[in-house]
Amino acid sequence: MCGVTEFQAALGIVIDTLEQMRAGGSRSPCASRTVITALSAAPATAPEAEFAPPAESAIGIPSKAERLAPIRARVLVCPRCPHLAASRTQTVFGTGNPDADLMFIGEAPGADEDAQGEPFVGRAGQLLTKIIETMGFARDEVYIANVLKCRPDMPPGVSGNRPPTLDEMQTCLPYLAEQIDVVQPKVLVALGATAVEGLLGTRGTMRDLRGRWHSHHETPLMITYHPSYLLRNQSPAEKRKVWEDMLLVLERLERPVSEKQRKYFL
Ligand code: URA
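Below: a short report on this structure. For every chain, the first residue of its written sequence is number 1, and the numbers climb from 1 along that sequence. Residue-level local features of this predicted model are given only where pLDDT is at least 70; pairs of side-chain atoms are given and counted only at 80 or more, and the full residue set underlies all totals for whole chains, interfaces and linings. Excluding hydrogens and water, the side-chain figures rest on all heavy atoms present in the structure.

Some thoughts on the overall build of the protein chain
Note the threshold: Here a helix means four or more residues in a row that DSSP labels H or I, a strand means two or more in a row labelled E, and each is numbered from the N terminus. Between buried and exposed lies partly exposed: a residue is buried under 20% and exposed over 50% of the maximum accessible area for its type, with that area taken using a 1.4 Å probe on protein chains only. Working rule for contacts: check all heavy atoms of both residues, and any pair within 4.5 Å makes them a contact. Here the accessible surface of atoms and residues is derived via Shrake-Rupley with a 1.4 Å probe, and residues count as covered only by protein chains that are part of the display.
Broken down by element type, the protein chain carries twelve helices and six strands. Burial analysis of the protein chain (266 residues in total) assigns 47% to the buried set. Considering only contacts within the protein chain whose residues lie at least 6 apart along the sequence, 70% involve residues at least 24 apart. Element-wise, carbon and sulfur atoms account for 54% of the exposed surface of the protein chain, whose accessible area totals about 13500 Å².

Encoded structure:
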């Protein structure tokens, strides 16, 4: 009998292969959008596996968590960038509440995220968590994902991180598009220039882009500095700018903002 994870991974490979056949214009065997959508919405259990308690899918409506599961399974075994598949410890899909109103998008996993399989768990992640909590959310109330699901590879013996290439981003972005499509947050926050490039396809200076509303397929999008920029540049004025962007997000979400929060400096 195959376990749930193996079943999800196998289903993921089937779906990914069908997507690639469609993208390549293959007509036989038929990989119709309807079939791929139905497979993607399949319950995350093998037919022989133990049944989970009845979920929304029991009444025919898959929950967002159930819709994310097959995407996660495809990402888990993704072979699309062979150099990254060879160098990664694991893929880093995303974390948090699939029903979140607020979704943060970062650049790519670093060494800590590659080791732990979760986005934003290193130093930049600790600062992001502090920002989220100061906004009045628990970290697991929001959803967090990256443009790239693999850590960009580094030459042997070289530490640090490199930004994703355009090619890597274009290859990986369909996964993020699917995640956003399922979560459908009320507000998106792009952290840094790579996230902006992934979401809007533009490269601008953060100074010009941050602090005002943009739109990503009609979802309000706030652009702000990446937390690692704040770690490099400890100036209170720069930190305050990020906080002011987050105050705009709170207002947009119609969340109460206390006097203490309004005056806060990260
Ligand atoms: N930086 C990112 O952009 N994403 C992470 O997950 C970690 C650091």
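Considering the side chain of Thr134
Secondary-structure assignment places Thr134 in helix α6 (residues 123–134). Thr134 sits in the buried class, given a relative accessible area of 18%. The residues contacting Thr134, other than those within four sequence positions of it, are Trp243, Gln261 and Tyr264.

Things to note about the site of the ligand
For clarity, the cut-off: Nearness of a residue to a molecule or strand requires only that one of the residue's heavy atoms be within 4 Å of it. Between N or O atoms, a polar contact is any pair within 3.5 Å; within protein, one atom must be a potential hydrogen donor and the other a potential acceptor, and residues adjacent in sequence are included only when both atoms are from side chains.
Surrounding the ligand, one finds Gly106, Glu107, Ala108, Glu113, Pro119, Phe120, Asn146 and His226. Here Glu107 contributes a backbone N or O atom positioned 2.7 Å from an oxygen atom of the ligand. Between the ligand and the protein, one listed contact pairs an oxygen atom with a backbone N or O atom of Phe120 at 2.9 Å. When the ligand is considered free in solution it has 240 Å² of accessible area, and contact with the protein chains removes 91% of it.

A closer look at the pairing of strand β4 (residues 187–191)
Here is the rule we go by: Whether two strands pair depends on DSSP finding at least two bridges between them.
The buried fraction of β4 amounts to five of the five residues, a majority that puts the element mostly inside the structure. Pairing analysis gives four bridges linking strand β2 (residues 102–106) to β4, with the strands arranged parallel. Paired with Leu102 across the bridge in β4 is Val187. Where β4 lies against strand β6 (residues 219–224), four bridges are found, and the strand directions are parallel. If you follow Leu191 over to β6, its bridge partner there is Thr224.

A word on the nonpolar core
This is how it is decided: Only buried residues count toward a nonpolar core. Its members are Ala, Val, Leu, Ile, Met, Phe, Trp, Tyr and Cys residues joined through side-chain atoms within 4.5 Å.
Counting 59 residues, the largest nonpolar core has Leu102, Phe104 and Met135 as its most contacted members. The greatest single-element share of this core, amounting to eight residues, is contributed by helix α7 (residues 166–183). When neighbours within four sequence positions are excluded, Phe104 is seen to be in contact with Leu128, Ile132, Met135, Val142, Tyr143, Ile144, Ala145, Val189, Leu191 and Met246.

Some words on the pattern of salt bridges
The line we're drawing: Counted as salt bridges are all cases of a side-chain nitrogen of Lys or Arg within 4 Å of a carboxyl oxygen of Asp or Glu.
Across all of its chains, the model carries ten salt bridges by this definition. Asp153 is paired through a salt bridge with Arg162; the nearest N and O atoms lie 2.5 Å apart. On the basis of relative accessible area, Asp153 is assigned to the partly exposed category, the value being 24%. Between Arg162 and Glu168 there is a salt bridge, with its nearest N and O atoms 2.7 Å apart. Judged by its relative accessible area of 3%, Glu168 is buried. Each of Asp153, Arg162 and Glu168 takes part in one network of salt bridges that share partners.

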